[in-house]
Amino acid sequence: MTGRAKKAVAPKKKANGYKMPAPIATGEIIHDTTMKKKWRIGPSIGVGGFGEIYSACDHDSTPKGSNYPFVVKIEPHENGPLFVEKHFYIRNAKMDDINSFMKSKKLSSLGMPSYYGNGSHDYKGEKYRYLVLERYGKDLWSLFTDSGRSFPAPTVFQIGLQMLDVLEYIHSRGYVHADIKGANILLGLKKGTENQAYLVDFGLATRVNDKEFKPDPKCAHNGTIEYTSRDAHLGVATMRGDLEILGYNMLQWLVGALPWEKSLKQPKAVQEMKEAFMKSVKTSVAKMSGNVPDALIKFFEYINTLKPKEVPDYAKCRQIFETYLKSQGVTRNSKLIFTPTKKAKTTKTITIDESDEEPLKKSPKKKTEAKVVKRKNPKPKEPSPEENGENEEPKVSEKKKKAKRKSSEPSLLVKVKKPKLTPKATPPVKKNHTNIATQTSLEKRRSPRVVSFDSPISLVIGEKIPLKRSKENQPKNTSADMFEDSFEEKKPKRKEKILLSDEEYTEKRVVKKKVTTVKPKGRSWKDAPTVMNGRSPPK
C-alpha cells in the first residue's frame, strides 16, 4: 500500500548471538553526561565480536588526517560484553590506582589502559552503549602474521614480562582477564610508548572466585579456544589460568603454531591435548619444530606446581624471564624487534695470485665478507696474443671447450718445469703486401724475378726438364725457373726440441692402471668335427 513508511532494517546478528550495531556516520556527536564531555566520532577502526570500534576526538579539537587520540567502542544495549568491560574500567582503570601500583613495583610504564568516558547514545531510533578509551597502535597478531608467524625469542620474553606486570595488577584488584591473545595486545601510539605493550579487551574479565574450585559446565571452554587454560576448559577462571594462557601465546610466537591448532572445532580434543602437553612439557616441546628456550619450559613447569586458588609468585616468573634476557644481552626496556633475525653474512672464498692483491684492496667495500686465499704456486699465465705476436692463435672460448670426463684412476701431484713456446708456422703473405719480418732467408737473398712470356711454352709444359741442372747448362730468363722452388726436394722435418725454463709448477696427473683382461677360453674349431664348404677342417 502507498503512503506506508518502511521499517528500519534491524541490525544483523553474528554467529555468537550478539547483535551488531548499524554503521554510525563520521562526525556524529556523543554527549557524555557523567563526565560532562562531548566526543566526535571519526572513521571506523575495526569490528569486534560484539560491536564496532571508531576513532574519536574531543568535540572542540580538530585532529589532522586520521590522528584521532581516542577510540569509542559501541554495542547495542542488548549485548553484554561492553557492559562487563565498562564496569571493570570504572573500578580498576583509574589513573591514581595505576600510578600507585607503578611506584610500588618501581615501574616506568604499565600496559594497563585508562578509560576517559562511558554512557548511552541514541542513533536512528537504536540505543547504544559506548566506552571511550585511549587509542593504541598495531596489535601483536597482525605483527605476528606480517613477520612470517615468528618473533625473535628476546622480543617474546620482553612482552611476557610486560604482560606479567599487567596481570599482577589485575589480579591484585581481584579480577582475571581470561582472554589474553595477540589481537588483544596493542603497542603504544604516543611518543615514548612505542615499545610498551597494552593489554585490552576486558569483555571476559571476571572476579576471582573465593569458593571451592568446582567445574562449571555452563562456562566450559570460555575464551579463545587455542589459548584457553585447562581451568577455563572446566569453566573456572583462575589466576594460574591467566599465566597458562600467556605461556601458550609465547609458545606460538616462538614456533609459529600450537600442536592443537588443527582440532579447534573440537574443544574436548583440544583440552585433552593440553593436558597431555602440560604433563610432560619438556618432551612435548622437544617434538615441536623451532627453538624454544628452557626459560619457557621452566615457566610452564612452575605453573604446574600452583594450586587452583594460589596467588602466583610473580617475582619468580620475572626472574625466569629476566635471566634469559640477560643471557641474550637484552633488558626489559630494550627496543621491541618483531621481524625475524636476518641470516648470517655469507662468506665468499676468493682464490687469487699474490700479484692480484692490489686490485682487491681498491675494490669498494661490500656487506659480504670475503676470505682471500693466497696460492703459493700459481699456475703460469698463458701469454696473450699481443705478447706472443702474430704467430699466436686466438684462444678458444671456455664455453666452447668440452668438459673433461672425470677419471676414476688415482692422481698424483707432480712438479713440472714450464715449457717455452715454440714458434709456429709462418702464415702466407697477403697479396700486394711485402712483410719483411715474415719473409724467409731465401727470399731475402734473391732478387725479385722478372717473368718473360717470350719463351716457348714447350719449355714449361710438355718437355721433360731435369729437376736439378748445373749452373752452366741452365738457360737464362726461362719461365721454368719460376717453378724451381716448388720442385725442390723436401727435407725431412726435424724433431722439435721442447725448451724448458727454470720455472716450476705443480700439475695433477692421472696414473693409468694396466688392466689385463683374461678372455674366457672357448672351444676351438679343431675340437668340433664340423664340415665347412664341403671339407672337413685340417687336423
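In what follows, the structure referred to is the one given above.
Anyway, here's the lowdown on the structure attached to this text.

What counts, and at which threshold
Residues numbered from 1 in each chain as written. Predicted model: local features only at pLDDT ≥ 70, side-chain atom pairs only at ≥ 80, totals over all residues. Heavy atoms only, no water. Helix = DSSP H or I, 4+ residues; strand = E, 2+ residues; numbered from the N terminus. Buried < 20%, exposed > 50% of the residue type's maximum accessible area, 1.4 Å probe, protein only. Contact = heavy atoms within 4.5 Å. Areas by Shrake-Rupley, 256 points an atom, 1.4 Å probe, with all protein chains shown as cover. 1 Å grid on protein atoms, 1.4 Å probe; cavity = no way out; pocket = protein on both sides within 12 Å on 5 of 7 lines; lining within 4 Å. Points joined across faces, edges and corners; volume = space filled by probe spheres on them. Nonpolar A, V, L, I, M, F, W, Y, C, P; charged D, E, K, R; others polar. Phe/Tyr/Trp six-rings, centres within 6.5 Å; stacked < 30°, edge-to-face > 60°. Pairing = 2+ DSSP bridges. Axes fitted to C-alpha atoms, helices over the stretch in contact; angles between N-to-C directions. Salt bridge = Lys/Arg side-chain N within 4 Å of Asp/Glu carboxyl O. Parallel < 35°, antiparallel > 145°, perpendicular 65-115°, else oblique. Left-handed = near helix turned anticlockwise from the far one by under 90°.

### Concerning the overall build of the chain
The helix and strand inventory of the chain stands at 13 helices and 14 strands. Here the chain, with 539 residues, has 34% of them falling under the buried criterion. Of the contacts made within the chain by residues no fewer than 6 positions apart, 63% connect residues no fewer than 24 positions apart. Carbon and sulfur atoms provide 53% of the accessible area of the chain, an area that totals close to 38400 Å².

### With respect to empty space enclosed by the protein
Tallied over the entire structure, the rule returns one cavity of 30 Å³ or more. Each pocket or cavity is described by its volume, and for the largest cavity that value is around 40 Å³. Surrounding the largest cavity, Val208, Asn209, Ala237, Thr238, Met239, Pro308 and Lys309 form its lining. When grouped by side-chain class, the residues that make up the lining of the largest cavity number four nonpolar, two polar and one charged.

### Digging into the packing of aromatic side chains
Applying the stated criterion across every chain, the model contains 21 aromatic pairs. Ring geometry for Trp39 against Phe70: centres 5.2 Å apart, planes inclined by 70°, an arrangement best described as edge-to-face. Of the two residues, Trp39 sits in strand β2 (residues 37–47) while Phe70 sits in strand β4 (residues 70–76), which places them 31 residues apart along the sequence. The exposure class of Trp39 is buried, given its relative accessible area of 0%. Measuring from ring centre to ring centre gives 6.5 Å for Phe299 and Phe300, while their planes differ by 50°; the resulting arrangement is tilted. Residue Phe299 is classed as buried on the basis of its relative accessible area of 0%. With a relative accessible area of 1%, Phe300 lands in the buried category. Following the ring pairs from residue to residue traces out a cluster consisting of Phe157, Tyr248, Trp260, Phe277, Phe299, Phe300, Phe321 and Tyr324.

### Focus: the sheet that holds β2
Spatially, the six strands line up as an open sheet ordered β1-β2-β3-β4-β6-β5, and their pairing is antiparallel. The open sheet has two edge strands, β1 (29–32) and β5 (115–123), and neither has a second partner. Taking the axes of each pair of neighbouring strands and ignoring which way they run, one obtains an average angle of 35° across the sheet. Note that β1 and β2 share four bridges and pair antiparallel. Paired with Asp32 across the strands is Lys37, a residue of β2.

### A word on the pattern of salt bridges
Applying the stated criterion across every chain yields a total of 14 salt bridges. Here Glu85 ties to Lys73 by a salt bridge, and the two come within 3.0 Å at their closest N and O atoms. Of the two residues, Glu85 sits in helix α1 (residues 81–92) while Lys73 sits in strand β4, which places them twelve residues apart along the sequence. On the basis of relative accessibility, which here comes to 0%, the residue Glu85 falls in the buried class. Measuring nitrogen to oxygen at the nearest pair gives 3.5 Å for the salt bridge that ties Lys138 to Asp146. Residue classification places Lys138 among the partly exposed positions, given a relative accessible area of 48%. Here the salt bridges share partners, and the residues they tie into one network are Lys105, Asp165, Glu168, Arg318, Glu322 and Arg332.

### Remarks on the environment of Leu199
Following the sequence through the fold, Leu199 ends up in strand β9 (residues 197–199). Measuring from C-alpha to C-alpha, the distance between Leu199 and Lys181 comes to 8.9 Å, with 18 residues separating the pair along the chain. Setting aside its immediate chain neighbours within four residues, Leu199 contacts Gly111, Pro113, Met163, Val166, Leu167, Ile170, His177, Ile180, Asn184 and Ile185.

### A closer look at the packing of helix α6 (residues 239–255) against helix α9 (residues 294–305)
Packing of α6 against α9 leaves a shortest axis separation of 10 Å and a crossing angle of 160°. Comparing their axes, α9 and α6 come out roughly antiparallel. Crossing of α6 against α9: the hand is left-handed. Of α9, the residues touching α6 (which contributes Arg240, Leu243, Glu244, Gly247, Tyr248, Met250, Leu251 and Leu254) are Leu296, Phe299, Phe300 and Ile303. Its residues assigned to classes, the contact of α6 with α9 comprises nine nonpolar, one polar and two charged.

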